[in-house]
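Observations on the model geometry
In case you want the letters, here they are:
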Amino acid sequence: MLISLAAFAAGCMNRQDPAEQIFTKLEEVVQIEKTFEEQQEPLVKLEKEEKELYAKIIELNMDQHDEIVQLADEAITIADKRKEHLDKEKESMEESKEEFGGVEGIAEKLEDPKLEKQLAELQQLMLDRYAIHDELYKSYTDGLSYDKELYELLKDKDLTIETIEEQINKVNAAYDEVLSANERFNEKTDQYNKAKLSFYDAAGLKVETE
């Protein structure tokens, strides 16, 4: 989930007050995270392609070893492409975090205690969101590594049932963690979006949400 975009509808001013400066900073974060959003569709597409290859592999027997190797290598290539998109997503979040850090210096200029409290809550929500994404990235990276190990194992003619089951359990465990982290990330993003709009409203900033 990308942070919801808000378009500033207030008139142009020669000098922004602290709340307006914070608005500008938060919406710069939105723009930075567009790169994050752009990785979602290709990631889902690659995941689907990889699952289709895996389904083909397990339908074959060792008499079709050459075909198994070919499909496994294709799956490994796709896993590498997924990692590239994942790294772009991570880079976008790191840039977002750096930009968001600039809010701290502006927050000190706020004079309204209510706005200070709301902004502090907003900042904590975003920091929690970044922490959860770190977990998500690690779990997904682990899952990709286990995927590639699985495909290498499938190319082994002497592969045992015990070995393949053990590896599949590793893959499933990693992606269970991915699903959990992703759900928490989306929930935190939703909470942040609502808190952000509440802050804008309290600060008297008229915005239009898309």
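Refer to the structure presented above.
In this report, we go over the structure that sits alongside the text. It should be emphasised that the depicted structure is a prediction, and the values quoted were computed from it without experimental measurement.

Things to note about the overall build of the protein
The helix and strand inventory of the protein stands at seven helices and two strands. Secondary structure elements in the protein, listed N-terminal to C-terminal, are β-α-α-α-α-α-α-α-β. In terms of C-alpha radius of gyration, the protein reaches 23 Å, well past the compact-globule figure of 17 Å for 210 residues. Principal-axis analysis of the C-alpha atoms gives the protein an extent of 75 × 25 × 20 Å. Expressed as a percentage of its 210 residues, the buried residues of the protein come to 39%. For the protein, long-range pairs separated by at least 24 residues make up 84% of all intrachain contacts whose partners lie at least 6 apart in sequence. One way to put it: in the protein the 27 positive side-chain charges average out to a point 3 Å from where the 53 negative ones average out.

Points about the layout of surface pockets
Roughly 690 Å³ of internal volume is contained in the largest pocket. Taken together, 27 residues form the lining of the largest pocket, with Glu47, Lys51, Arg82, Tyr140 and Tyr175 sitting closest to its centre. Those elements that provide at least two residues to the lining of the largest pocket are helix H3 (40-59), helix H4 (65-100), helix H6 (113-154) and helix H7 (161-202). The element best represented in the lining of the largest pocket is H7, accounting for ten residues. For the lining of the largest pocket, the class distribution of residues is 16 nonpolar, four polar and seven charged. By volume, the second largest pocket is sized at about 160 Å³.

Thoughts on the side chain of glutamate 89
Checked against the element boundaries, glutamate 89 lands in helix H4. Comment: no salt bridge for buried glutamate 89; closest opposite-charge side chain is lysine 90, at 8.8 Å. At 2.9 Å, the side chain of glutamate 89 forms a polar contact with the side chain of glutamine 40. Apart from residues lying up to four places away in sequence, glutamate 89 is in contact with Phe36, Gln39, Gln40, Leu43 and His133.

Topic: the environment of glutamate 50
By the element assignment, glutamate 50 lies in helix H3. Classification of glutamate 50 by relative accessible area gives buried; the value is 3%. Taking the C-alpha atoms as reference points, glutamate 50 and alanine 174, 124 residues apart in sequence, are found 16 Å from one another. Among all residues touching glutamate 50, those that are not within four sequence positions of it are Ala75, Ile78, Ala79, Arg82, Asp147 and Tyr151.

With respect to the environment of asparagine 182
When you line up the elements, asparagine 182 lands in helix H7. With a relative accessible area of 32%, asparagine 182 lands in the partly exposed category. Spatially, the C-alpha atoms of asparagine 182 and asparagine 172 are 15 Å apart, while their sequence positions differ by ten residues.

Details of the nonpolar core
Among the nonpolar cores identified, the biggest contains 25 residues, and Ile57, Tyr140, Leu144, Tyr151 and Leu154 are the most heavily contacted of them. Of all the secondary structure elements, the ones that give two or more residues to this core are H3, H4, H6 and H7. By residue number, the principal contributor to this core is H4, which donates eight residues. Discounting chain neighbours no more than four positions away, the residues touching tyrosine 151 are Glu50, Tyr54, Ile57, Ala72, Ala75 and Ile76. Within the second largest apolar cluster, 24 residues are counted, among which are Ile22, Leu110, Tyr130 and Ile132.

Cut-off values and rules
- Residues numbered from 1 in each chain as written.
- Predicted model: local features only at pLDDT ≥ 70, side-chain atom pairs only at ≥ 80, totals over all residues.
- Heavy atoms only, no water.
- Helix = DSSP H or I, 4+ residues; strand = E, 2+ residues; numbered from the N terminus.
- Rg over C-alpha atoms; globule rule 2.2 N^0.38 Å.
- Buried < 20%, exposed > 50% of the residue type's maximum accessible area, 1.4 Å probe, protein only.
- Contact = heavy atoms within 4.5 Å.
- Lys, Arg positive; Asp, Glu negative; His and termini not counted.
- Charge placed at Lys NZ, Arg CZ, Asp CG, Glu CD.
- 1 Å grid on protein atoms, 1.4 Å probe; cavity = no way out; pocket = protein on both sides within 12 Å on 5 of 7 lines; lining within 4 Å.
- Points joined across faces, edges and corners; volume = space filled by probe spheres on them.
- Nonpolar A, V, L, I, M, F, W, Y, C, P; charged D, E, K, R; others polar.
- Salt bridge = Lys/Arg side-chain N within 4 Å of Asp/Glu carboxyl O.
- Polar contact = N/O pair within 3.5 Å; in protein donor to acceptor, adjacent residues only side chain to side chain.
- Core = buried A, V, L, I, M, F, W, Y, C linked by side-chain atoms within 4.5 Å.

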